[in-house]
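# Survey of secondary and tertiary structure
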Amino acid sequence: MDIQYISATNINGTIQRRCKWGPIGVQRCTCSFESSIPNLKITDSSLKRRKSNCRASRLQVVCKDFPRPELENTVNFLEAAQFSSIFRSSPRPSKPLQVVIAGAGLAGLSTAKYLADAGHKPILLEARDVLGGKVAAWKDEDGDWYETGLHIFFGAYPNIQNLFGELGINDRLQWKEHSMIFAMPDKPGEFSRFDFPESLPAPFNGIWAILRNNEMLTWPEKVKFAIGLLPAMVGGQPYVEAQDGLTVSQWMKKQGVPDRVSEEVFIAMSKALNFINPDELSMQCILIALNRFLQEKHGSKMAFLDGNPPERLCKPICEHIQSLGGEVLLNSRIQKIELNSDGTVKQFVLTNGGAVTGDAYVFATPVDILKLLVPEEWREISYYKKLEKLVGVPVINVHIWFDRKLKNTYDHLLFSRSSLLSVYADMSVTCKEYYDPNRSMLELVFAPAEEWVSRSDADIIDATMHELAKLFPDEIAADQSKAKILKYKVIKTPRSVYKTVPNCEPCRPLQRSPIEGFYLAGDYTKQKYLASMEGAVLSGKLCAQSIVQDYDLLAARSQKSARAELPVAS
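Conventions we followed
Residues numbered from 1 in each chain as written. Predicted model: local features only at pLDDT ≥ 70, side-chain atom pairs only at ≥ 80, totals over all residues. Heavy atoms only, no water. Helix = DSSP H or I, 4+ residues; strand = E, 2+ residues; numbered from the N terminus. Buried < 20%, exposed > 50% of the residue type's maximum accessible area, 1.4 Å probe, protein only. Contact = heavy atoms within 4.5 Å. 1 Å grid on protein atoms, 1.4 Å probe; cavity = no way out; pocket = protein on both sides within 12 Å on 5 of 7 lines; lining within 4 Å. Points joined across faces, edges and corners; volume = space filled by probe spheres on them. Nonpolar A, V, L, I, M, F, W, Y, C, P; charged D, E, K, R; others polar. Pairing = 2+ DSSP bridges. pLDDT = per-residue confidence, 0-100. Axes fitted to C-alpha atoms, helices over the stretch in contact; angles between N-to-C directions. Expected span 1.5 Å × (residues − 1). Polar contact = N/O pair within 3.5 Å; in protein donor to acceptor, adjacent residues only side chain to side chain. Patch = residues over 30% accessible without salt bridge, like charges linked within 9 Å, V, L, I, M, F, W, Y side chains within 5 Å. Areas by Shrake-Rupley, 256 points an atom, 1.4 Å probe, with all protein chains shown as cover. Salt bridge = Lys/Arg side-chain N within 4 Å of Asp/Glu carboxyl O.

Along the protein chain, the regular secondary structure elements total 15 helices and 25 strands. Relative to its 570 residues, the protein chain shows a buried fraction of 58%. Long-range contacts, defined here as pairs at least 24 residues apart, represent 71% of the contacts in the protein chain between residues at least 6 apart.

Right, let's talk about the layout of surface pockets for a bit. Estimates place the volume of the second largest pocket at around 580 Å³. Lining the second largest pocket are 20 residues, with N340, V345, R557, S558 and S561 sitting closest to its centre. Counting only elements with at least two residues in the lining of the second largest pocket, the list comes to strand 17 (345-350) and helix 15 (551-565). Here the lining of the second largest pocket takes six residues from helix 15, the largest share from any one element. Taken together, the residues that form the lining of the second largest pocket break down as three nonpolar, nine polar and eight charged.

This paragraph deals with the sheet that holds strand 16 (residues 334-339). Consider a sheet: its strands pair through backbone hydrogen bonds, and that pairing is either parallel or antiparallel. Here we have three strands laid out as an open sheet, ordered 16-17-18, and antiparallel in their pairing. Edge positions in the sheet fall to strand 16 and strand 18 (355-356), since each of these pairs with one other strand and no more. In this sheet, strand 17 lies alongside strand 16 in antiparallel orientation, the contact comprising five bridges. Looking at the pairing, K336 lines up with V349 of strand 17.

Parts of the model with low pLDDT should not have their predicted coordinates read in detail. Per-residue confidence for the protein chain gives a mean pLDDT of 88, with 87% of residues at or over 70. Here residues 1-63 is a poorly scored stretch, pLDDT under 50, and it has 152 contacts once near neighbours within four places are set aside; other chains count.

Before going further, it helps to spend a moment on the sheet that holds strand 6 (residues 98-102). Read from one edge of the open sheet, five strands run 15-7-6-19-25, paired in parallel fashion. Looking at the sheet topology across the chains shown, the edges are occupied by strand 15 (327-329) and strand 25 (518-520). Pairwise comparison of adjacent strand axes, ignoring direction, gives a mean angle of 20° for this sheet. In this structure, strand 6 lies alongside strand 19 (residues 360-363), joined through four bridges in parallel fashion. Looking at strand 19, one finds that I101 is bridged to V362.

With 15 residues, helix 13 (residues 457-471) extends 21 Å between its outermost C-alpha atoms, agreeing within 8% with the 21 Å of an ideal straight helix rising 1.5 Å per residue. Taken as a whole, helix 13 has its buried residues at D457, I460, I461, A463, T464, M465, E467, L468 and L471.

On to the side chain of H151. Tracing the backbone through its elements, the reader meets H151 in the loop between strand 9 (145-147) and strand 10 (153-154). Here the side chain of H151 touches G149 through a polar contact of 3.1 Å, landing on its backbone oxygen. The contacts of H151, once residues within four sequence positions are left out, are K134, V135, A303, P309 and M533.

Right, let's talk about a nonpolar patch on the surface for a bit. Among the surface-exposed residues, F204, I207, L211, W219, V223, I227, L230, M233 and V234 lie close enough to one another that they form a single nonpolar patch of about 910 Å² accessible area. Counting only elements with at least two residues in the nonpolar patch, the list comes to helix 4 (204-212) and helix 5 (219-242). Assignment of secondary structure puts M233 in helix 5. Residue classification places M233 among the exposed positions, given a relative accessible area of 58%.

The tally for this structure, following the rule as stated, stands at 31 salt bridges. D144 is the partner of K487 in a salt bridge, and the nearest nitrogen-oxygen pair spans 2.6 Å. Taken together, the residues K487 in strand 24 (residues 485-493) and D144 in the loop between strand 8 (137-139) and strand 9 connect sequence positions 343 residues apart. For K487, a relative accessible area of 1% puts it in the buried group. By relative accessible area, D144 is classed as buried at 2%. D195 is the partner of R193 in a salt bridge, and the nearest nitrogen-oxygen pair spans 2.9 Å. Residue class for R193 comes out partly exposed when judged on its relative accessible area of 22%. Given the relative accessible area of 36%, D195 is considered partly exposed.

Now the structure itself:
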C-alpha cells in the first residue's frame, strides 16, 4: 500500500541563477549583495546547492545560527542519554539475534540503530527507494528538494537530541530564536510574537512570554485560561492522562476558558500538533505539549534541519547501522506476514517474490499499513482489534517557488492561523541547503486536509494562494498579478500520523506484542510523546529494549527451530 502521492507542476520553467565561469570550465555561483536577513552571512564555497539550467554551482551559505541551547543537563535529556547507554553497555550476545524490521522511517531506523548498538544484527526493509517514512524527501529535475512535511526539532525532544549527539551531527540543527510567531488574520501582513527571555528559567520564561503578548489575548482571557490550567499544573501526569476523553473544545468549555482563547491560539496549535481542529483533538495532546514547553526552559525552542532529511538525518543512522553489521534494504515491500503452525511469524514475504527470515520481527510502518497486513489468525486478539480505533490523519504539504524574494517573513516557523493552512516557513531563508538569496520557496502544511486530499493539485494551489494573499498582502495576489509562481509541488499523505482523537490512549499497543517474537514500533505505540518524530524515535528505543530483554527466549526459540530443520538420520 502506497500512502504517499507525489505530483508536480512546473509553470514557468526552472529557476535560474547568475553564474560566472570558473577557471576550469566549472560554473560557480557567487553572491554579491548585502543580506537583509538578520544573523545571515553569505560566503562562496562548496555546500551542494540545487542546480540551475546550466547544471551550475556549488554554493555554501554560512548562517550565524542561534546557539544550541543547554539541553545536556536537563532531567529528560539525561534520562534519554541513560536509556541510550544501556544498549551500548549491555553484555555482548553470544549469538547476535537477526531481527527483521519492516519500515525505515524514524521508528524503524531507531529500532535498528539501538539493536545494532546492543550487538545484534538488524535487517531493515523499506518498501520505497528512499529512507525516512514520514520525513522522506525527493529531488526534482532541477535539483530542488521537496519534503513529506515541515519538520521541526524542539528542545523538548530529548531522545532525538541524544540521537543527533550519538551520531555526531549536532551541527546539522539550525536553532532559531526562542519565539513563537503567529500571523494576525484581522491585520493582514502583521504578526504577533511570544518571546521567551533567556534570562528566566522555566516556567517563568513561558509565563513572561504569554504576559508580554497583549495582541492575541486580553488580560481577563489570560487570567481565565490560567485558572483553567491550574488542575493540570497541580494534578500532573495523572490529570493529563485523564483528559484523553475530552476534545480541546470540550475541555475549554468545562474549565470556563473563553472561546476566543481557542480561536486565537489553540486552533493553530491543534493543527500544528496533529493536523486537526480543537473540536476533534484530544486535550491530552495539548496538555502534554504545554507541559513540556512550560516545564523545560528550552522545550519550545525550535530548530530546522540544515538540509533534506534522507541525507542529513536518515543516512547517518543508516551508515551507523551498517558499520555495526546491520543491513538496510530499499525497494523491499512486505506482501504478507507468513506464520508457523503455532501462530508465530515464519517469515516476511516480499512483493518481489523473496522472503526474509529472522529470530525476531518488527513492524515499524504506519498503523494503517500494519492493519492491512495483520494475519487473519491474529485479528480477534484484543491487542490487534484495538488498532481499529487508530487511524492516520490526512495531511498535505505544499511547496511553492516564487520569482522573487518575499520580505514579509522570518527566519523561523510561522503559525498562519488560516482556516486552510497550519504552519509555514520560507525555506530559502530557514534552511542552509535550500537557501536562495533571490527567490523564496514557501513550504506550507495544508490542514485539516480530509476534504482536500482528493482534490486536484491546481485546486489546492489556488486555495493556498488565496490564503497567502492575506499573509503577504503587498507581495502576493491570488491571481499572481504580484509574485509569480515558478513551480510547485504538492505532497499528499492520505494517512500520516495517527489521529489523536479522544479515547485513543487505551488502544495504543505496547511494543512487545502477545505473539512471541513479534514487536511493533511507531509513534502510535505506547510512549509519552504521542504522534511526533520524538515519539517515533522513543518507540524504536522501547522496541529495541523489549527485544534485548527477551534475548534468552528468542535465542532458545531460534535454536529449537534450527534443530527442527535438521534432517533426521536414516
